[in-house]
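Report on the structure
Spelled out from the first residue to the last, the chains are:
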Amino acid sequence: MPVEGRNNMQCAEFDALLSDALDGLLTGDKSESFQAHARVCTVCGPLYSEADAGRRWLKSLGEIEPPANLVHNILVATGGRDTARAKSGQQVSWAAAVRGWMRPVFSPVFAVARQPRFAMSFGMAFFSLSVTLSLAGVKLTDLRHLDLRPAAIKRTYYETSGRVVKYYENIRLVYEIESRVREFKRATTPAEPASQPQNKEHKNNTSGQPEQRQERNYSQGPDQPVLAGLPNDPPVVMLTIYRRIA
Amino acid sequence: MDDAQAVGRLVRRCKAGDAAAWEQIVQQYHRRIYNICFRFARSADDAQDLTQEVFIKVYRTLSSYDVERGAFMTWVTTITRNLLVDHFRKSKQDRVTDSLDASPSENEDAMPLGQQIQDKTTPADMRSQSREAGEFVHRALQKLSPELREAVILRDLQDMDYREIATVLKVPEGTVKSRINRGRAELARLLQRTYRQVM
Ligand SMILES: [Zn+2]
């Protein structure tokens, strides 16, 4: 105990009063015995002057000016509106910025998609994408709470693609089993004639590259592997496998 | 300080889905939250991210705020502080990002504070001298333990009273005062050492 006999204040009490003393709230006897203790105590004396100095240092720190776009970003992140910016028109909203940025990239695609003969393909592509996403457990409603920070986007991307890949792997296994079953069937039945070209387009194809049939599901032949379109393949097997894996 | 009734009305409007009321709340509190985050997180980018996270949390939990039970400012500060504690813990565990760990308290221990700042010192006018002084204090603040740092930030930078700070930190008022004393004293010791090195 670093206190000397003639002072009746203890260090604990001194510590309890220190902040009040620095706030200038100590008066009368309390203040006197506080000051007396500070003069004689080798621990509390230095503590008093250091705390006082530290307080002055802290008070010298000014307020930091937040970034100009902070309010805007908060409102966007919380789905609130951004009237101030909208009124002043100082800044283009992020949605508009993304649209502007994507226009040159996607407008040729949209132009193609608007043609009647391709509209169906694009419609189907979008439909299967959304079905894939929902089967993989990605809800479109989740997108309302999108976190737009780069780190969060990266995380969301990996989580989502992880789920999609998992689903895709399951589907691929189903396809593989299907094709093995078909090979087995072929091996156990008399040889089939080589598959015939299905239309003129195929005849004109001289590239030697394999057909990209998955883009044209609406014109598929009967021998192509389609999950829901093969009367010879028992769907029970596929469902069981999928469920077990998933 | 905030006019409790006005804020109460604002929060009620907000709960009812009034977007303008929410915008007003953001306008009113973002500066304060940003400053707390900045003093805790060291970098301006982290502070901005954290401030956004705080407001997302506030927005989502606004329905749980009871106007009768305490000041909105204390409630928002509590959310901020809890988020900062989580963030600090997480970044201590991860050590992947250089967010809070980049604070001088971790990475720059090898070099004394005075030397760190000296290296950056340029022949300067008065304004940049006071900016340098601010930088000294800010860096010293990062060297305090989070426990002491949050106490002095809330008291000396945010001007909260001891009762409010006790509510935010969920410790008795006596503990708050003791932490503030130790925080201030420790900061002064750090700065004295720094100035001895620099001068
Ligand atoms: Zn003493």
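No experiment lies behind these values; they were computed from the predicted model shown. (Residues numbered from 1 in each chain as written. Chains lettered and ligands numbered in written order. Predicted model: local features only at pLDDT ≥ 70, side-chain atom pairs only at ≥ 80, totals over all residues. Heavy atoms only, no water.)

**Things to note about the coordination of the zinc ion**
Residues and elements named next belong to chain A. As a reminder, the rule being used: Only N, O and S atoms count as donors, using a 2.8 Å limit from the metal and a wider 3.2 Å limit for Na, K and Ca, and since water is excluded some coordination spheres may look unfilled. Square planar and octahedral sites, with four and six donors, are those where opposite donors lie more than 155 degrees apart and all other angles lie between 65 and 115, tetrahedral sites have four donors with every angle between 85 and 135 degrees, and the rest are irregular. The cut-offs for exposure are 20% and 50% of the maximum accessible area for each residue type, with area from a 1.4 Å probe on protein chains only; residues under the lower value are buried, those over the upper are exposed, and the others partly exposed.
On the protein side, the zinc ion has Cys11 (SG), His37 (NE2), Cys41 (SG) and Cys44 (SG) as donor atoms, found 2.1 to 2.3 Å from it. Its four donor atoms give the zinc ion angles of 99 to 115° at the centre, a pattern that matches the tetrahedral case. In terms of primary sequence, the donors binding the zinc ion are separated according to C-x25-H-x3-C-x2-C. Assigned by exposure class, His37 and Cys41 land together as buried.

**Structural notes on the pattern of salt bridges**
Where we set the bar: Salt bridge, as used here: a side-chain nitrogen of Lys or Arg that lies within 4 Å of a carboxyl oxygen of Asp or Glu. Strands here are runs of E lasting at least two residues and helices are runs of H or I lasting at least four, both read from the DSSP assignment and numbered beginning at the N terminus.
Overall, the coordinates contain 14 salt bridges over all chains when judged by the stated rule. Between Arg56(A) and Asp52(A) there is a salt bridge, with the nearest N and O atoms lying 3.3 Å from each other. Taken as a pair, Arg56(A) and Asp52(A) lie in helix H3 (residues 44–60) at a separation of four residues, close to a single helical turn. Here Arg56(A) falls in the exposed class, since its relative accessible area comes to 55%. Two residues, Asp86(B) and Arg89(B), come together in a salt bridge whose shortest N-O distance is 3.8 Å. Here Asp86(B) and its partner Arg89(B) are both found in helix H4 (residues 72–94), three residues apart, which amounts to about one turn of the helix. Relative accessible area serves as the criterion here: at 51%, Arg89(B) is assigned to the exposed category. Among the charged side chains, a network of salt bridges with common partners joins Glu50(A), Glu186(B) and Arg189(B).

**Points about the interface of chain B and chain A**
Note the following rule: It only takes one pair of heavy atoms within 4.5 Å for two residues to be counted as in contact. Two parts placed together each lose some accessible area under a 1.4 Å probe, and the buried area is that loss summed for both.
Between chain B and chain A, the contact holds 41 residues from the first and 39 residues from the second. Summing both partners gives a buried area of about 3,700 Å² for chain B against chain A, and 61% of it is carried by carbon and sulfur. The interface formed by chain B and chain A holds six salt bridges in total. Its salt-bridge partner being Lys177(B), residue Asp20(A) comes within 3.4 Å of it at the nearest N-O pair.

**Remarks on unusual backbone geometry**
Residue and element names in this part refer to chain B. Of note, the phi angle at Asp159 is positive, near 55°, even though the residue is not glycine. As for its position among the elements, Asp159 is in the loop between helix H8 (146–157) and helix H9 (162–169). Taking relative accessible area as the criterion, Asp159 reaches 46% and is therefore assigned partly exposed.

**Here we look at the confidence of the model for chain B**
Residue and element names in this part refer to chain B. We apply this condition: pLDDT is defined as a per-residue confidence score from the predictor, taking values between 0 and 100.
Residues at a pLDDT of 70 or more form 78% of chain B, whose mean pLDDT is 82. For residues 96–111, every residue scores under 50 in pLDDT, and the model assigns this stretch 34 contacts once sequence neighbours within four places are set aside. Per-residue pLDDT stays below 50 along residues 116–124; that stretch engages in 14 contacts with residues further than four places along the chain or on separate chains. Interface confidence in the predicted complex, given as ipTM, is 0.80; pTM for the same model is 0.57.

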